[in-house]
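Residue-level structural notes
Okay, here's what each chain looks like letter by letter:
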Amino acid sequence: MEELTNKDIEQIRQKGLAEKDIEKQVENFRAGFPFVPLVRAATPNDGIIRLDQDYIDKFKKGYGESVRKNTIRKFVPASGAASRMFQFLFEYLEDETSNSAEVEEFIGNIEHFAFYEDLKASLARKDISIENAIPRKDYATIIRELLETGGLDCAHLPKGLIKFHRYQDHSRTPVEEHMVEGANYSINADGTVRIHYTVLPEHKEKFESHVISSLPNYEKFLRVKFQTDYSFQDESTDMVAVDMSNRLFRNPDGTLFFRPGGHGALLNNLNKLNDDLIFIKNIDNVVPDKYKVVTYDYKKALAGLLVEYQAKIFKYLKELEDKQNLSLRKLEEMLKFLKNTLHFNPPDDLDDSNPEVLADYLFRMFNRPLRVCGMVKNQGEPGGGPFWVENPDGSVSLQIVEKSQIDLDDVSQKAILEDSNHFNPVDIVCGVKDYRGRKFDLLKFREPSAGIITHKSKDGKSLKVQELPGLWNGGMAYWNTVFVEVPQITFNPVKTVNDLLRDEHQ
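Okay, so let's go over this structure. Each chain carries its own residue numbering, running from 1 in the written order of its sequence. Totals for whole chains, interfaces and linings use every residue, but because this is a predicted model, local features are given only for residues with pLDDT of at least 70 and side-chain atom pairs only at 80 or more, for both listing and counting. Derived side-chain values reflect all non-hydrogen atoms in the structure, with water molecules and hydrogen atoms excluded from consideration.

1. Considering the pairing of strand S18 (residues 461–467)
This is how it is decided: In this scheme, strands are said to pair when DSSP sees at least two bridges between them. The secondary structure listing takes helices from DSSP runs of H or I that are at least 4 residues long and strands from runs of E that are at least 2 residues long, numbered from the N terminus.
Two strands pair when backbone bridges link them, and strand S17 (residues 452–458) and S18 are joined in this way by seven bridges, in the antiparallel orientation. Residue pairing for S18: Lys458 is matched across the bridge by Lys461. Taking the residues that link successive antiparallel strands as the turn, the S17-S18 hairpin has two residues, and the phi of Asp459 there is positive, at about 55°.

2. As for a negative patch on the surface
The line we're drawing: Here a patch means residues that are over 30% exposed by relative accessible area and free of salt bridges, tied together within 9 Å if like-charged and within 5 Å if nonpolar (Val, Leu, Ile, Met, Phe, Trp, Tyr). With residues, only the protein chains shown are counted as cover, and all accessible areas are computed by Shrake-Rupley using a 1.4 Å probe. Salt-bridge detection follows one rule: a side-chain nitrogen of Lys or Arg within 4 Å of a carboxyl oxygen of Asp or Glu. Think of it this way: Lys and Arg go in the positive column, Asp and Glu in the negative one, and His and the chain ends go nowhere. A single reference atom marks each charge: NZ on Lys, CZ on Arg, CG on Asp, CD on Glu.
There is a patch of like negative charges on the surface, built from Glu91, Glu94, Asp95, Glu102 and Glu105. Residue assignment for the negative patch shows that the elements contributing at least two residues are helix H4 (87–94) and helix H5 (101–108).

3. Quick notes on the nonpolar core
Heads up, the condition is: Among buried residues, those of type Ala, Val, Leu, Ile, Met, Phe, Trp, Tyr and Cys that are joined through side-chain atoms within 4.5 Å constitute a nonpolar core. To sort residues, take the accessible area from a 1.4 Å probe on protein chains only and compare it with the maximum for the residue type: under 20% means buried, over 50% means exposed, and anything in between is partly exposed. Should any heavy atoms of two residues lie within 4.5 Å, those residues are counted as being in contact.
Core analysis: the largest hydrophobic core is formed by 68 residues, its most contacted members being Tyr197, Phe226 and Phe366. The element that contributes the greatest number of residues to this core is helix H12 (residues 292–322), accounting for 13 residues. If we skip the residues at most four places from it in the chain, Phe226 touches Met179, Ala183, Val193, Ile195, Leu215, Tyr218 and Glu219. Membership of the second largest hydrophobic core comes to 34 residues, among which are Tyr139, Leu146, Val286 and Val497.

4. Focus on the state of the cysteines
The test is simple: Throughout, disulfides are identified as pairs of cysteine sulfur atoms within 2.5 Å of each other.
The tally for this structure, following the rule as stated, stands at zero disulfides. In this structure Cys430 is not part of a disulfide, and its nearest cysteine sulfur, from Cys373, lies 7.3 Å away.

5. Quick word on the sheet that holds strand S1 (residues 38–41)
Basically, it comes down to this: Angles shown run from 0 to 180 degrees and are taken between the N-to-C directions of axes, each axis being a line fitted to C-alpha atoms and, for helices, limited to the stretch in contact.
If you walk across this open sheet you meet the three strands as S1-S13-S14, and the pairing is antiparallel. Among the strands making up the open sheet, the edge pair consists of S1 and strand S14 (396–401). On average, each strand axis in the sheet is tilted by 35° relative to the strand beside it, whichever way the strands run. Pairing geometry for strand S13 (residues 385–390) and S14, over six bridges, is antiparallel. Note on S14: the bridge partner recorded for Gly385 is Val401. Running over the sheet, helix H15 (residues 411–419) touches S1 and S13 and is turned about 25° from S1.

In structure tokens, the structure reads:
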């Protein structure tokens, strides 16, 4: 790596980083990250559990009974900017002759958006009738009023504050929908609903203002008390970029060009929460009330399954710690649970005939954070999927793997990817405390080599950027993992504004 200037070193330290951190990042660019070795796709009855109604009812009941002794929180990654939703509208404003089917769909159905009345009123204050503008094909005026300052300013809002759904007498943002969800499946024994949003610093004030103004109505309507807090992606998780020759990429003023480290950086934020059970769900994956019942049932069922498995694990850990009545038969029972229930296969060289060796191994494998992850059938969504993966020590476990982590030049690995038919919708329940009630240090259970390198461009120049191991990918590589199939209705993200026209959002 080229020598750093005093100005570089000061910039690095201001981010809470050290020179060795930058050296490591550059070395990662040079060496690359290893591909994840897939063994096979996780499928129903081979890594993915299907719950019938009896089990759903059983786990829901178990979760309900556990609430009195567990603290519960929703963790909502909400840093996404709404501008990405409107990309095709920005492109239209740059060149109004480049009309597209997306623009026509947007304009042709504009009255079906939850923000329509606000948009109509905003234009009316400027003596512009939206009903007259559309026949004249004056789309640009309408789009600018939606996106720009002086209108609804949606281009500068976080996605969580865009009105998504319209009800008979009001509309709701994703933030409000998460409040309603929280009151139905993550309410604590004292009647509080704790929600933690990860946001951009420039958006925090807007989030707080929106939540504070919404609280009275929702607390009255839902008969709960909300405790909402926020955190930012720590600057110490930012990553340098390099050019195609692996030299540090710089801004026009000569300073180092840093980029956020991806959603894997949020592991730091999650690690600071001290709750017993934590639900993770993305900000834009919400639906109107009429579709929420299935979500409530499965969220409670996932949590109930976690509580039941966790109780069994804690019982085993206490027995292993006491080292009393640990017959080989009892150890074999534990090993069977590890393999068949937690879907973790130890390496072939484990001497499972030696009680002391086996007991020590089981203790280490059980004494880890636990996550239960919902999986939906893949209907073409990009992103991570569930696989059986070989770990560096030769063990085989369940992991969520991104397509970019797979060696597509390897015919056998590509075939495994093509066999996969499920997708990770970021529907996760986490148990982050050990059998003594102590909080795990989650940073100790990630795989540092599971980062991702991609190619981008800036100011017309090619560069390489790096992301930390993803929050639910390499960031949770050494958690105990359970996959459960969940219905498609529980996964309805909004990537573009026109997604709001789907039946599930109307």
